[in-house]
Amino acid sequence: MSTSSREDKTSWLWSVYNETKQQTQDLIPVISNNFVNPDTIFANNQMSLQDIEIYGFDYDYTLAFYSSHLHTLIFNIARDILIDEHRYPEGLKEYDYMPNFVIRGLHYDVQKALLMKIDAFHYIQLGTVYRGLNPVPEKEVIAMYEGSHVPLEIMSDFYGKVCHTMKQFMDIFSLPEMTLLSCVNDYFMKHNIDYEPVHLYKDVKEAIGDVHVRGIMYRAVEADIEKYICYGEQTHAVLRKLSKNGKKMFLITNSPFDFVDRGMNYIVGKDWRDLFDVVIVQADKPGFFNDRRKPFRRVTDKGVLLWDRIHHLEKGQIYKQGNLYEFLRLTGWRGSKVLYFGDHIYSDLADLTLKHGWRTGAIIPELRKEIKIMNTEEYVHTMTWLQALTALLEQMQVRPPGCNYIQFLKTNCFNRLRTKDIFNAQFGSLFRTYHNPTYFSRRLSRFADIYMASLSCLLNYDLQHTFYPRRTPLQHESPIWPEQTSTGAMNIPFQSHRTTTGSE
């Protein structure tokens, strides 16, 4: 190729680049007018509230939301248990809880002591692998895993149960556990202490478990409930709305009765039990959904366990343990007329949707924060430009690579990093690994019919409303509808359009 023709081609490529950039700039005001409302309920599966007769709820992070003080409390107590009871170094007291270090849904390689984010296709998102508090270079990750793919046999299984190699952290309560793991690893590495990663993982897991099992967390929350429980998620209004519309309601939680009673008194009021037809505590989910052996046992208001056989689940009574099969037999509440809400994708929702045909709703508190970030001008600009660059790179592959291609590639990589860092500097978004959905997202779409930031989102919808999943085009399909946006996300059917309040 002559110098003249090469210069002509370079000039043409830059003109295409600049034209695309200008088109992107022109699109931003249009996109900015279509911001997603954080109070939207999103659908993975078509579902009509008109068909729902019975509403079920988990307690923690479903009916009750907690402040960041709770995670700090769990971290500090578990750290001190490691020092006082497992003889870990006193120097660990130098570490404080870091609320913005980790995100939910991460995987931890127990044997390699690595925390990472994995996508729906089992590929590690390079740049999100941490040993302790420090990122692991991409070349080292690729060498350790012979690429960036994690085989199925060393990952958690379909239900997220722990295997010998990988643990996935799906629970909101696991945030302090991941942070503590990272801090202890960091301390040992900084001080050149030889240690067995498997032992460290088990010790941290046991210490975190003790915070719950010994009742330390429960007593602390009950003693200072205003510090730990966030009042304002309009839980009472949601329950009152359902009750006024003649809906049956039940509560199934792993938490003990005293703890739930204290929290619900604060959130709803002393008459909270009048709203529920059945209340089950210390249910031992997910075993509750699978183990047929444990019968229900009635608990008195003073916490005394009664020995009588349970023939009916009576309103106003409190029951402990039990199992779903006995619950179905005693209530007759079966199939798609039941909608159960929970925050844990595996423990709360998986069995219900796969084995029992209940409808499921996932409560994802992180959703509100991520949507607000997505609605910022910085994010819109970065994402729009990233997609335009990706399209350019795809087209330019058919041409001989040159300095322009390399430059575009560098710009593309920079924008990909920006879209990660804008959510979380270490691990990015809960829902995406660059172009692909995360492993968490794939499970969310599989096990939840609908998902939302909090139960308060229900106040914006009529109880006759039908949720429709967005028909996004498959890779081989062309977009038919010009606005490929979530159904109802931009103009959700607020009841205020028809009535003055959200609680009929």
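Residues numbered from 1 in each chain as written. Predicted model: local features only at pLDDT ≥ 70, side-chain atom pairs only at ≥ 80, totals over all residues. Heavy atoms only, no water.

The protein is annotated in an unreviewed UniProt entry as 5'-nucleotidase domain containing 3 of Cyprinus carpio carpio. Taken verbatim from the UniProt record of the protein, the Sequence similarities (unreviewed entry) comment is "Belongs to the 5'(3')-deoxyribonucleotidase family." (UniProt positions renumbered as here; feature names shortened; annotations may be inferred.)

Novice: How should the UniProt feature "active site" (unreviewed entry) in the protein be read in this particular structure?
Specialist: The UniProt feature table records "active site" (unreviewed entry) at Asp 58 and Asp 60. Examined against the element boundaries, Asp 58 turns out to sit in the loop between strand 3 (54-57) and helix 2 (68-85). We classify Asp 58 as buried; its relative accessible area is 6%. The residue Asp 60 is located in the loop between strand 3 and helix 2 in this model. What makes Asp 60 buried here is its relative accessible area of 10%. Among all residues touching Asp 60, those that are not within four sequence positions of it are Tyr 66, Phe 173, Thr 253, Ser 255, Phe 259 and Asp 343. (Helix = DSSP H or I, 4+ residues; strand = E, 2+ residues; numbered from the N terminus. Buried < 20%, exposed > 50% of the residue type's maximum accessible area, 1.4 Å probe, protein only. Contact = heavy atoms within 4.5 Å.)

Novice: What is the right way to read the confidence of the model for the protein from this model?
Specialist: Note that predicted coordinates carrying low pLDDT should not be read in detail. Scored by pLDDT, the protein comes out at a mean of 86, with 84% of its residues at no less than 70. A low-confidence stretch, residues 482-491 stays under pLDDT 50, and its non-local contacts, those more than four residues away or across chains, total 22 contacts. Within the model, the stretch residues 493-504 combines pLDDT values under 50 with 27 contacts to residues more than four positions away or in other chains. (pLDDT = per-residue confidence, 0-100.)

Novice: Please explain the pattern of salt bridges as it appears in this structure.
Specialist: One pass over the full model with this rule turns up 20 salt bridges. Notably, a salt bridge pairs Arg 79 with Asp 80, separated by 3.2 Å at the nearest N-O pair. For the salt bridge of Asp 348 with Lys 285, the shortest nitrogen-to-oxygen distance reads 2.8 Å. With Asp 348 in helix 11 (residues 345-356) and Lys 285 in the loop between strand 10 (278-281) and strand 11 (296-299), this pair connects stretches of sequence that are 63 residues apart. Comparing Asp 348 with Lys 285, the two get one shared label, buried. Through salt bridges with shared partners, a single network forms among Asp 58, Lys 285 and Asp 348. (Salt bridge = Lys/Arg side-chain N within 4 Å of Asp/Glu carboxyl O.)

Novice: What should I look at first to understand unusual backbone geometry in this one?
Specialist: Cis geometry is found at the peptide bond from Lys 285 to Pro 286, where omega equals 5°. Note that Pro 286 resides in the loop between strand 10 and strand 11. Here the phi dihedral of Tyr 61 falls at roughly 60°; this positive angle occurs in a residue that is not glycine. Locating Tyr 61 in the fold gives a position in the loop between strand 3 and helix 2. Residue class for Tyr 61 comes out buried when judged on its relative accessible area of 4%. Even without being glycine, Gln 321 reaches a positive phi, approximately 60°. Within the fold, Gln 321 resides in strand 12 (residues 318-321).

Novice: Explanation requested: helix 11 in the structure shown.
Specialist: For an α-helix the count is 3.6 residues per turn, leaving residues at separations of three or four pointing the same way. Compared with the 16 Å implied by 1.5 Å per residue over twelve residues, the 15 Å span of helix 11 between its first and last C-alpha is a close match. By the criterion of burial, helix 11 is predominantly enclosed, with nine of the twelve residues buried. In this structure, the buried side of helix 11 is in contact with strand 8 (166-168), helix 10 (324-331), strand 13 (338-342), strand 14 (359-363) and helix 15 (439-447). Trailing helix 11 by a residue or two, Gly 357 shows a phi angle of about 70°, which is positive. (Expected span 1.5 Å × (residues − 1).)

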